[in-house]
Amino acid sequence: MRQTLQDFLKEVENKNPNQPEFLQAVSEAAENIFPFIEENKKYQNQAILERMVEAERIIIFRVAWTDDSGAIRVNRGYRVQMNSAIGPYKGGLRFHPTVNLNILKFLAFEQVLKNSLTTLALGGAKGGSDFNPKGKSDAEVMRFCQNFMTELAKHIGAQTDIPAGDIGVGNREIGYLFGQYKKLQNNFTGVLTGKEIAYGGSLIRPEATGYGTVYFVEHMLQGQNKSIKGKQVCISGSGNVAQYAAEKAIEYGAKVITLSDSSGYIHDKEGIDQEKLDYVKELKNGKRGRIKSYVEEYPHAVYHANKAPWEEKCEVALPCATENELNATAAKTLVKNGCLAIGEGANMPCTKDAVDILQEAKILYGIGKAANAGGVAVSGLEMSQNAMGVRWSAEKVNEELKKIMKEIHQACVEYGTLENGEIDYIKGANIAGFKKVADAMLAQGAV
């Protein structure tokens, strides 16, 4: 090798100062990928990983829009087009005050490996803005989205870059973005995924990330002759991913006892059934309310302000909120309480220290780039349906999702099985994702 792992990471840090999440993501992947490169001569002296951590293109632009009072407001828009070796760029748009280049580069890098794992021909990208849709009127959100897309449209296309939704970008925002793109291009193409059914969306897309996370966890447990059925499950978050992870876990016979948001979590010792979950969906998706309202409807539950749900005893934990939400203290508590499996519904929700603790305790650990790949997988299926001008049934899409999650698990097992027979899902996901991209990059030369 031209350099050591430490030299490589130092070089990345020097090029990307003050970007901790991006460096965390690169370090986690490189720790597995570097030894794999050393064992496989064809990847040596090709600077593949050095190329993979450098975005092919980063677009930063101004978004000026008018609020309801007539005042002009200014936000910053981004698109990080990370890698297109195996297909057009694919990845979500995030509208949130915390959006910056560091966060988007971390997400885009993760997206490259995640998309590779899906077995679909998709490159990796991420984008968004520091615009906050919360508290804005529909008219304000529409005007922002139209101005955002006016610039973004210059850089995307059905065979170039296909954005989707993420935090702060739901059906409403996707609709406004798609409408503006269609107007600018004067054609009707599937350049955005996560669309509503009425204009080319796919059934099961809102459910896909949460469902897929549970499917992946079930495969991990089955590998040890266990099942999620009858297990007590703690879930963080209460948005789409958390809601549908809870829904599938309930369907599979698990007892879901927590949901959360940024203000705290609710603990329902009786278990959250489908009726209670429907209330949460209405609360979060319709009224855009806070999770603490749950205890007003179900007073036997307890609300814990400014805390995460990992103090509660569970056998399966599904962090579905945001990056680095589960720290070392929480990991130690999960281990102490007998947790068997973790499935990351969010992107990189566990800190590095937490991951080390969980792995040392030999807890089954479904890393996000594998466990939460169901969302982008169904986005890929939406693209296929758009290209063919058809709409598949929910049953067909769900079966395809199950198949993809099974294949992702098999890839993790293939590349993550250790000499003692244990499976390192982090190693498996990173190497399997890297190999497909690396082979494509080698075939295409130094571009």
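Source: prediction; values computed, not measured.

Visitor: Even after reading the chapter, I still don't get the overall build of the chain, so can you show me in this structure?
Guide: Within the chain, the secondary structure is distributed over 16 helices and 12 strands. Whereas a compact globule of 447 residues would reach a radius of gyration of roughly 22 Å, the chain reaches 21 Å, a difference of no more than 12%. For the C-alpha atoms alone, the extent of the chain along its principal axes is close to 60 × 55 × 45 Å. Across the 447 residues of the chain, 56% fall into the buried class. For the chain, long-range pairs separated by at least 24 residues make up 71% of all intrachain contacts whose partners lie at least 6 apart in sequence. In the structure as shown, the chain presents an accessible area of about 18,300 Å², 47% of it carried by carbon and sulfur atoms.

Visitor: What exactly am I supposed to notice about the UniProt feature "site: Important for catalysis" (unreviewed entry) in the chain here?
Guide: The UniProt feature table records "site: Important for catalysis" (unreviewed entry) at D166. For D166, the position within the fold is in the loop between strand 5 (161–165) and helix 6 (171–185). If sequence neighbours within four positions are ignored, D166 has contacts with G92, L93, R94 and K126. Among the polar contacts made by the side chain of D166, one reaches the side chain of R94 at a distance of 2.7 Å.

Visitor: Is there a simple way to explain helix 14 (residues 374–388) in this structure?
Guide: Side chains that are three or four residues apart share a direction in an α-helix, a result of its 3.6 residues per turn. Under the 1.5 Å per step criterion, the end-to-end length of helix 14 is 21 Å for 15 residues, consistent within 8% with the ideal 21 Å. Helix 14 sits mainly inside the fold: 11 of its 15 residues count as buried. The inward-facing, buried residues of helix 14 abut strand 3 (89–95), helix 4 (101–117), strand 5, helix 7 (208–222) and helix 15 (394–416). One or two positions beyond helix 14, positive phi appears at G389, with a value near 70°.

Visitor: Looking at this model, I keep getting lost on the domain arrangement of the chain. Mind explaining?
Guide: Many structure descriptions define interface size as the accessible area lost when the parts assemble. Domains assigned within the chain are domain 1 (1–53 + 427–446), domain 2 (55–185) and domain 3 (207–370). One C-alpha centre belongs to domain 1, the other to domain 2; they are set 26 Å apart. Facing 22 residues of domain 1, the contacting portion of domain 2 comprises 17 residues. Summed over both sides, the interface of domain 1 with domain 2 buries roughly 1,700 Å², with 64% coming from carbon and sulfur. Of all residues in domain 1, the largest losses of buried area upon contact with domain 2 belong to F22, M52 and K436, amounting jointly to 30% of the total for that side.

Visitor: Looking at this model, I keep getting lost on the nonpolar core. Mind explaining?
Guide: Taken as a class, soluble globular proteins show a tendency for nonpolar side chains to be buried jointly. Counting residues in hydrophobic clusters, the biggest one holds 74 residues, and the most contacted among them are F216, I235, L259, L318 and I408. Sort the elements by how many residues they give to this core and helix 7 lands first, with eight residues. When neighbours within four sequence positions are excluded, L318 is seen to be in contact with T213, V214, V217, V233, C234, I235, S236, A245, W310 and G343. Counting residues in hydrophobic clusters, the runner-up holds 39 residues, among them V26, F106, L113 and A440.

Visitor: Got a minute to help me understand the packing of aromatic side chains in this structure?
Guide: Centre-to-centre distance and the angle between the planes together describe a pair of aromatic rings. Summed over the entire model, instances satisfying the criterion amount to 22 aromatic pairs. Between the aromatic rings of F95 and F148, the centroid separation amounts to 5.2 Å while the plane-to-plane angle is 75°, which identifies the pairing as edge-to-face. In this pair, F95 is assigned in strand 3 and F148 in helix 5 (residues 138–152), connecting sequence segments 53 residues apart. As far as burial versus exposure is concerned, F95 and F148 are alike and both buried.

Visitor: Would you mind going over the sheet that holds strand 3 with me for this structure?
Guide: Adjacent strands of a sheet pair through backbone hydrogen bonds, lying either parallel or antiparallel. Within the open sheet, the five strands sit side by side as 1-2-4-3-5. Their pairing is mixed. Of all strands in the sheet, those bounded by a partner on one side alone are strand 1 (57–66) and strand 5. Within the sheet, the average angular offset between the axes of one strand and its neighbour, ignoring direction, is 20°. Taken together, the six bridges between strand 2 (residues 72–83) and strand 4 (residues 124–129) define a ladder with antiparallel strand orientation. In the strand pairing of strand 4, R79 is matched with G127.

Visitor: Just checking my understanding: could you explain the pairing of strand 4 for this structure?
Guide: Look at any regular strand and the pattern is simple: side chains alternate between the two faces of the sheet. Counting buried positions over the six residues of strand 4 gives six, a clear majority of the element. The pairing of strand 3 with strand 4 spans three bridges and is parallel. Its bridge partner lying in strand 4, F95 is registered against S129. Read from strand 3 through helix 4 to strand 4, the crossover connection turns out right-handed.

Visitor: How do you make sense of the packing of helix 14 against helix 15 when you look at a structure like this?
Guide: Between two packed helices, the angle of one axis relative to the other and the distance separating the axes together describe the packing. Contact geometry of helix 14 with helix 15 gives a least axis separation of 10 Å together with a crossing angle of 130°. Looking at the two axes, helix 14 sits oblique to helix 15. Where helix 14 crosses over helix 15, the handedness of that crossing is right-handed. Contacts between helix 14 and helix 15 involve G374, A377, V378, L381 and Q385 on the former and, on the latter, V397, E400, L401, I404 and M405. Its residues assigned to classes, the contact of helix 14 with helix 15 shows seven nonpolar, two polar and one charged.

Visitor: Even after reading the chapter, I still don't get unusual backbone geometry, so can you show me in this structure?
Guide: With the exception of glycine, most residues fall at negative phi, and the peptide bonds are largely trans. The backbone phi angle of N45 is positive, close to 60°, even though this residue is not glycine. Relative accessible area serves as the criterion here: at 63%, N45 is assigned to the exposed category.

Visitor: Sorry if this is basic, but what is going on with a negative patch on the surface here?
Guide: A cluster of like negative charges, contributed by D273, E275, D278, E282, E296 and E297, occupies part of the molecular surface. Contributions of two or more residues to the negative patch are made by helix 9 (274–286) and helix 10 (294–297). With three residues, the top contributor of residues to the negative patch is helix 9. Here E275 lies in helix 9. For E275, a relative accessible area of 58% gives the class exposed.

Visitor: Help me out: how do you make sense of the sheet that holds strand 9 (residues 302–305) in this one?
Guide: Read from one edge of the open sheet, seven strands run 9-8-7-6-10-11-12, paired in mixed fashion. The sheet is open, and its two edges are formed by strand 9 and strand 12 (364–366), each paired on a single side. Going across the sheet, the axis of each strand differs from the next one's by a mean of 15°, ignoring polarity. When strand 8 (residues 264–267) meets strand 9, the two strands line up antiparallel, connected through four bridges. Across the sheet, residue I266 finds its bridge partner in strand 9, namely Y303. Its contacts with the sheet put helix 7 on strand 10 (316–319), strand 11 (341–343) and strand 12, and the angle it makes with strand 11 is roughly 155°.

Conventions used here
- Numbers given to residues run from 1 along each chain, matching the order in which its sequence is written.
- A pLDDT threshold of at least 70 governs which residues receive local features in this predicted model, and a stricter bar of 80 or more applies before side-chain atom pairs are shown or counted, although totals over entire chains, interfaces and linings include all residues.
- With hydrogens and water set aside, each side-chain value is computed from the structure's full complement of heavy atoms.
- Strands are runs of DSSP state E lasting at least 2 residues, helices are runs of H or I lasting at least 4, and numbering of each runs from the N terminus.
- Atoms considered for the radius of gyration are the C-alpha atoms alone. The globule rule reads 2.2 Å times the number of residues to the power 0.38.
- Burial classes: relative accessible area under 20% of the type maximum marks a residue as buried, over 50% as exposed, and values in between as partly exposed (1.4 Å probe, protein chains only).
- Whether two residues touch is decided by their heavy atoms; if any such pair falls within 4.5 Å, the residues are in contact.
- Each accessible area value is a Shrake-Rupley result obtained with a 1.4 Å probe; residue values ignore everything except the protein chains displayed when judging cover.
- UniProt positions are given in the numbering used here, feature names are shortened, and annotations may be inferred rather than shown by experiment.
- Polar contact criterion, stated in full: a pair of N or O atoms within 3.5 Å, where within protein one must be able to donate a hydrogen and the other to accept it, and residues adjacent in sequence count only if both atoms are side-chain atoms.
- Helix span is expected to be 1.5 Å times the residue number reduced by one.
- An automatic or database domain assignment provides the domain bounds reported here.
- What counts as buried area is the accessible surface, traced by a 1.4 Å probe, that two parts surrender upon association, with contributions from both included.
- Residue types Ala, Val, Leu, Ile, Met, Phe, Trp, Tyr and Cys, when buried and joined through side-chain atoms within 4.5 Å, form a set referred to as a nonpolar core.
- Only rings of Phe, Tyr and Trp enter the pairing, Trp through its six-membered ring, and a pair is recorded when the two centres are within 6.5 Å. The plane angle decides the type: under 30 degrees is stacked, over 60 is edge-to-face, the rest tilted.
- Paired strands are those between which DSSP finds at least two bridges.
- Axis definition: a line fitted to C-alpha atoms, over the contacting stretch in the case of helices. Angles run 0 to 180 degrees between N-to-C directions.
- Note on handedness: a clockwise path from strand one over the helix to strand two, with the strands aimed away from the viewer, defines a right-handed crossover.
- We call two directions roughly parallel when the angle between them is under 35 degrees, roughly antiparallel when it is over 145, roughly perpendicular when it lies between 65 and 115, and oblique otherwise.
- Whether a crossing is left-handed or right-handed is set by the direction in which the near helix is turned from the far one by less than a right angle, anticlockwise for left-handed and clockwise for right-handed.
- Classes in brief: Ala, Val, Leu, Ile, Met, Phe, Trp, Tyr, Cys and Pro nonpolar; Asp, Glu, Lys and Arg charged; the others, Gly included, polar.
- What makes a patch is a set of residues exposed beyond 30% relative accessible area and free of salt bridges, joined within 9 Å when like-charged and within 5 Å when nonpolar (Val, Leu, Ile, Met, Phe, Trp, Tyr).
- We define a salt bridge as a contact between a side-chain nitrogen of Lys or Arg and a carboxyl oxygen of Asp or Glu at a distance within 4 Å.
- We treat Lys and Arg as the positive residues and Asp and Glu as the negative residues; His and chain ends play no part in the count.
- By convention, the point assigned to a charge is CZ for Arg, NZ for Lys, CD for Glu and CG for Asp.

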